Amino acid sequence: MHSHSFALAKNKVQRLLFLPGSVWNGWGGRSQSQRRGIRSCRSPLYAFTTHIQDRMAKRIQARRLEGVDENIWVEFVSLAAQYKTVNLGQGFPDFPPPRYVREAFSKAITGEQTLLNQYTRAFGHPPLVKALAQFFGPLFGKELDPLSNVMVSVGAYGALFCSFQALVDEGDEVIIIEPFFDSYEPMTLMAGGRCVFVSLRPTSAGDGKPPSSGDWRLDPAELEAKINKNTKMLVLNTPNNPLGKVFTKEELEEIANICIKYDLICISDEVYEWLVYDGNQHVRIASLPGMWDRTITIGSAGKTFSATGWKVGWAFGPDSLLKHLRTVHQNSIYHCATAAQEAVAQGFLKELERQGKPDCYFLQLRDELQKKRDRLYHCLTEVGMTPLISQGSYFMIADVSRFKSQVPPPTDPNIPYDNYFTKWMMKHKQLAAIPVSAFYSAPHKKQFENYIRFCFVKEDATLKAAEKILQKWSSESPGPQD
Ligand code: PMP
Ligand code: GLN
């Protein structure tokens, strides 16, 4: 058999055997090596397919997949389910999106306009790109052309993927500010680029103030020193996942000046743009002088309307950049589900009417989340962790180094403490979080191994269940030691 059809047949058998189970039972996928271990003891057919693989002369895995096999979400979503945890790990709301967008979604599918069940425009359903241009134009201080300055994709993931594929070439260097949303690294690598990391570093809060995500700062001199003739792009994420830092206008101006000075493209991931607390302001770097023409700003309906499963995201930018994203998009994704786009369009039109009014969903969600953040902050402090007040996003990180006497570090020095601690906590306390080292490059993981990330975009009942666990934990244990 020709080796190509051979590979396809093998793939088919594997898919038949290992179809993921429901998304809830944690079988959503494991890394190749983990799956192999499980398959080999379960399936005689696996032995058959392995045999085929051994006999293939050609290399199976494309080189661009080297080093991107492991994925934190695949591993930790599965563990959170396995240990039946109260889940403050993966970032998704466990409450529904607002009723009017859900109704718009159902209507799109079941209503009179049956064409909403069919293909729509490749780069964004016309009502959605129009609504996005209308809503965001004033926020960028610029009139946006719905057809050339906006592209809709499958979540912010889709928009990010298209950006890296479209703009990063073999040998290009991409500056990534750490801690970073983990996908930026594999997306750079899959495009053939090289990641260059620059870390935010904690500075002292001063005045006896409690530590905050705002104390973590970028050293512009360190950033500048990492730039060379191959540097093409800088990736920014504000509000930042996992830290919750909201970059100030001054900090963004420093970054913008560097982008302009060295002629860099800026990818600005702003999916948590509405979730900014304590009067902090979200500033769009694309709205700063000289930045529009070199910036792609990424957003997500998942975060905006608490509907992460709808997978609607978008990119804003000048046509000179977006036209290349469209080329990737039209040849891979084509477009995201029409009905979901229609519902998000309706959502933005409704929010346009409510802008600045008390019933604006974005303001209501922000205020709700600030209360949830405070509640979690107190609880984590009680048990002996040191959380950092989160300025934005729906995450808060906490220092767990004081637990080293209760939960001694692993014997394997290569395992970051937070990874080990989080797994211990899931197994022994049934509480899920995410190790912050997952948001760092391999060489820097050990430097930032004392923090774990909690997600607070959860029902009060979920937070209460977490509180109960934390209170019981603090009453049972002798308490962490300094
Ligand atoms: N960027 C950041 C910073 C994120 O946290 C996430 C995931 N929540 C995404 C992008 C991907 O968003 P989406 O679910 O819309 O693909
Ligand atoms: N962005 C989400 C988070 O940070 C999760 C993304 C995912 O599960 N792939 O929790």
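Criteria and thresholds
- Residues numbered from 1 in each chain as written.
- Chains lettered and ligands numbered in written order.
- Predicted model: local features only at pLDDT ≥ 70, side-chain atom pairs only at ≥ 80, totals over all residues.
- Heavy atoms only, no water.
- UniProt positions renumbered as here; feature names shortened; annotations may be inferred.
- Helix = DSSP H or I, 4+ residues; strand = E, 2+ residues; numbered from the N terminus.
- Buried < 20%, exposed > 50% of the residue type's maximum accessible area, 1.4 Å probe, protein only.
- Contact = heavy atoms within 4.5 Å.
- Areas by Shrake-Rupley, 256 points an atom, 1.4 Å probe, with all protein chains shown as cover.
- Axes fitted to C-alpha atoms, helices over the stretch in contact; angles between N-to-C directions.
- Parallel < 35°, antiparallel > 145°, perpendicular 65-115°, else oblique.
- Left-handed = near helix turned anticlockwise from the far one by under 90°.
- Nonpolar A, V, L, I, M, F, W, Y, C, P; charged D, E, K, R; others polar.
- Near = heavy atom within 4 Å.
- Polar contact = N/O pair within 3.5 Å; in protein donor to acceptor, adjacent residues only side chain to side chain.
- Domains from an automatic or database assignment.
- Core = buried A, V, L, I, M, F, W, Y, C linked by side-chain atoms within 4.5 Å.

Labelled according to an unreviewed UniProt entry, the protein appears under the name Aminotransferase class I/classII large domain-containing protein, originating from Engystomops pustulosus. As recorded by UniProt, the Sequence similarities (unreviewed entry) comment attached to the protein reads in full: "Belongs to the class-I pyridoxal-phosphate-dependent aminotransferase family." Quoted verbatim from the Cofactor (unreviewed entry) field of UniProt, the annotation for the protein is "pyridoxal 5'-phosphate".

A.B. asks: I'd love a proper account of the overall build of the protein, names of residues and values included.
C.D. replies: The helix and strand inventory of the protein stands at 16 helices and 15 strands. For the protein, buried positions account for 53% of its 482 residues. Pairs at least 24 residues apart make up 74% of the contacts formed inside the protein by residues separated by at least 6 positions. Put simply, the protein shows about 22,000 Å² of open surface, and 53% of that area lies on carbon and sulfur atoms.

A.B. asks: Account for the packing of helix H4 (residues 72-82) against helix H15 (residues 417-429), naming residues and giving values.
C.D. replies: Contact geometry of H4 with H15 gives a least axis separation of 10 Å together with a crossing angle of 25°. Overall, the two elements H4 and H15 adopt an arrangement that is roughly parallel. Helix-helix and strand crossings are classified by hand; for H4 and H15 the assignment is right-handed. In this structure, H4 contributes Glu-75, Phe-76, Leu-79 and Ala-80 to the contact, and H15 contributes Asn-419, Thr-422, Lys-423 and Met-426. Per-class residue counts for the contact of H4 with H15 are 4 nonpolar, 2 polar and 2 charged.

A.B. asks: Go over the site of ligand 2, please, and point to the residues and values.
C.D. replies: In the vicinity of ligand 2, the contacting residues are Trp-73, Gln-90, Gly-91, Tyr-157, Phe-181, Asn-241, Phe-395 and Arg-453. Between ligand 2 and the protein, one listed contact pairs a nitrogen atom with a side-chain N or O atom of Tyr-157 at 2.8 Å. In isolation ligand 2 exposes 290 Å². Once the protein is present, 87% of that is buried. Here the shell around ligand 2 is composed, by residue class, of 4 nonpolar, 3 polar and 1 charged. For the shell around ligand 2, the domains that each give at least three residues are domain 2 (71-95 + 360-475) and domain 3 (99-353).

A.B. asks: Account for the nonpolar core, with residues named and values stated.
C.D. replies: Within the largest apolar cluster, 114 residues are counted, with the highest numbers of intra-cluster contacts made by Val-312, Phe-348, Met-385, Phe-421, Met-425 and Phe-454. Of all the elements, helix H14 (residues 361-383) adds the most residues to this core, at 9 residues. Residue-level mapping places this core at the junction of two domains, with at least three residues from each of domain 2 (71-95 + 360-475) and domain 3 (99-353). The contact partners of Val-312, leaving out residues within four places of it in the chain, are Leu-128, Val-152, Ser-153, Gly-155, Ser-300, Ala-301, Gly-302, Cys-336, Ala-340, Gln-341 and Val-344.

A.B. asks: Outline the site of ligand 1, supporting the account with residue identities and numerical values.
C.D. replies: Close to ligand 1 lie 13 residues, the nearest being Asp-269, Tyr-272, Ser-300, Lys-303 and Lys-311. Contacts to ligand 1 include Tyr-157, whose backbone N or O atom sits 2.9 Å from an oxygen atom. Between Asn-241 and ligand 1, the recorded distance is 2.8 Å, taken from a side-chain N or O atom to an oxygen atom. Contact with the protein chains removes 93% of the 400 Å² of surface that ligand 1 exposes when unbound. Looking at which element gives the most residues to the shell around ligand 1, the answer is helix H7 (residues 155-167), with 4 residues. Here the residues of the shell around ligand 1 sort into 6 nonpolar, 4 polar and 3 charged.

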